[in-house]
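Spelled out, the chains give:
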Amino acid sequence: MKVKSRSKNGIAKVKLLAKHPMHTGRAKDADGNLIPAHHIQTLTCEHKGKVVLTADFGTSVSKDPYLAFTIKGAESGDVLKLSWVDNLGESETVEATVG
Amino acid sequence: MINRRKFLTVLGAASPVVAALMAFPGTVLAWAENAFKATSVEDAEAALFPGSQAQPSGQVKLKAPQIAENGAVVPITVSTDLPDVSNISVLVEKNPNPLCASFKIDPALQPEISVRIRMGETSNVIALVEAGGKTYQASQEVKVTIGGCGG
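Criteria and cut-off values
- Residues numbered from 1 in each chain as written.
- Chains lettered and ligands numbered in written order.
- Predicted model: local features only at pLDDT ≥ 70, side-chain atom pairs only at ≥ 80, totals over all residues.
- Helix = DSSP H or I, 4+ residues; strand = E, 2+ residues; numbered from the N terminus.
- Buried ≥ 20, exposed ≤ 12 C-beta atoms within 10 Å, placed from the backbone.
- Contact = placed C-beta atoms within 7 Å.
- Core = buried A, V, L, I, M, F, W, Y, C linked by C-beta atoms within 7 Å.
- Nonpolar A, V, L, I, M, F, W, Y, C, P; charged D, E, K, R; others polar.
- Pairing = 2+ DSSP bridges.
- Axes fitted to C-alpha atoms, helices over the stretch in contact; angles between N-to-C directions.
- pLDDT = per-residue confidence, 0-100.
- Arc of directions from axis to C-beta.

(A) Just the overall build of chain A, in detail. Helix and strand content of chain A: zero helices and seven strands. Starting at the N terminus and walking to the C terminus, you meet the elements of chain A as β-β-β-β-β-β-β. Counting only C-alpha atoms and orienting by the principal axes, one finds that chain A spans roughly 55 × 20 × 15 Å. Counting every position in chain A, which comprises 99 residues, the buried fraction comes to 48%. Of all intrachain contacts in chain A linking residues separated by at least 6 positions in sequence, the fraction that spans at least 24 positions is 52%.

The following block contains the structure:
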């Protein structure tokens, strides 16, 4: 997961790009078999020990999910913790520092 | 000296927040399965916001392309100047499961989210905002030339 974050006047814009196939469960592979649904279900962002964003995704979020949001009261040097878990129980957690 | 690890850490194991999400499926933190499995906008809305009827509002701003060349990646931004926003959700009316994403917004967040979604065909995209305990909506038709759900 790539995370970019920049703070100006205490407001931090956050952009992230998660790497995930986000299979809808409707597409077929080369042999004509349905590729099972495999998608991020929930992504969270923690700042100063508090979850500020909980993003629930279905199968209609694009492959390699992109998300952009803005946190108030976040200064340069603050650490953000981004985590996601998918429908097969896989997960990723990344810490990023606000620039 | 700043520990390098603090800057970028990738953990294979679930973080405490993620573990909590997985351990308590019945709580409000859980993924809203009924809403995501709903096959109509009305059912998804009822599952997300029981007993609420979303009112169209000019204060909900939905930014979406008029024409999406690639239905697999349609950039959407929802923002609002309504106060006390607790949720922003994005739906695509004609997708088999209309609910694309639902965002729980903490007061520390500006009520604005950008996300990229899949659209199977030309359809209305609907933004729902829960603010002050009530729900509001805005919608816009997005024309899709190549659908993005079935590969």
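(B) Spatial organisation of the overall build of chain B. A tally of regular secondary structure across chain B gives three helices and ten strands. Walking chain B from its N terminus toward its C terminus, one meets helices and strands in the order β-α-α-α-β-β-β-β-β-β-β-β-β. Burial status across chain B gives 42% buried among its 151 residues.

(C) Fine view of the nonpolar core. With 65 residues, the main nonpolar core has V90, L91, I117 and A127 of chain B as its most contacted residues. If one sorts the elements of this core by residue count, strand β9 (residues 123-131) of chain B sits on top with six residues. In this structure, I117 of chain B is in contact with S60, V61 and S62 of chain A together with V74, I76, V90, V92 and C100 of chain B, ignoring residues within four places of it in sequence.

(D) Inspection of the interface of chain A and chain B at higher detail. Facing the 41 residues of chain A at the interface are 41 residues of chain B. Elements supplying a minimum of two residues to the side of chain A that touches chain B: β3 (40-47), β4 (50-57), β5 (66-72), β6 (79-86) and β7 (91-97) of chain A. The element that contributes the greatest number of residues to the side of chain A that touches chain B is β4 of chain A, accounting for eight residues. In terms of residue class, the side of chain A that touches chain B is built from 16 nonpolar, 16 polar and nine charged. Where β5 of chain A and strand β8 (residues 112-117) of chain B come together, two bridges link them in antiparallel fashion. Among the inter-strand pairings, A68 of chain A is bridged to a residue of β8 of chain B, identified as S114 of chain B.

(E) Spatial organisation of the sheet that holds β8 of chain B. The antiparallel open sheet is built from six strands, whose spatial order is β1(A)-β2(A)-β5(A)-β8(B)-β5(B)-β3(B). The open sheet terminates on both sides in strands that have one partner only, identified here as β1 (2-8) of chain A together with β3 (60-63) of chain B. The average angle at which neighbouring strand axes cross in this sheet is 15 degrees, direction not considered. As judged from the six bridges shared by strand β5 (residues 74-80) of chain B and β8 of chain B, these two strands associate in the antiparallel manner. Among the inter-strand pairings, V74 of chain B is bridged to a residue of β8 of chain B, identified as I117 of chain B.

(F) Representation of the environment of Q53 of chain B in the model. Following the sequence through the fold, Q53 of chain B ends up in the loop between α3 (41-48) and β2 (55-56). Overall, the presence of 11 C-beta atoms within 10 Å leaves Q53 of chain B in the exposed class.

(G) Geometry of the confidence of the model for chain B. All names here are of chain B. Chain-level pLDDT for chain B is 86 on average; 77% of the residues reach the 70-or-more range. Every residue in residues 20-28 is under pLDDT 50, and counting partners more than four places away or in other chains gives ten contacts. Both scores are available for the predicted complex, with the pTM at 0.86 and the ipTM at 0.95.

(H) Layout of the pairing of β6 of chain A. Residue and element names in this part refer to chain A. Counting buried residues in β6 gives seven out of eight residues, a clear majority hidden from the surface. Here β3 pairs with β6 via seven bridges, running antiparallel. Bridge pairing links H47 to L80 in β6. Counted along the chain from β6 to the antiparallel partner β7, the turn is four residues long, and its residue G89 has a positive phi close to 85 degrees.

(I) Representation of α3 of chain B within the structure. All names here are of chain B. When we look at burial in α3, the residues that qualify are V41, A44, E45 and L48. One face of α3 carries all of its buried residues, which in axial projection span an arc of 95 degrees. Those residues of α3 that are buried are in contact with α2 (33-37), β6 (85-92), β7 (99-105) and β9.

(J) Structural view of unusual backbone geometry. Residue and element names in this part refer to chain A. Unusually for a residue other than glycine, M22 sits at a positive phi of about 50 degrees. Mapping M22 onto the fold places it in the loop between β2 (11-17) and β3. Accessibility expressed as a C-beta count within 10 Å gives 21 for M22, which makes it buried. Despite not being glycine, K48 has its phi angle at roughly 55 degrees, a positive value. Tracing the backbone through its elements, the reader meets K48 in the loop between β3 and β4. K48 gets classed as exposed once you count the C-beta atoms within 10 Å, which come to 12.

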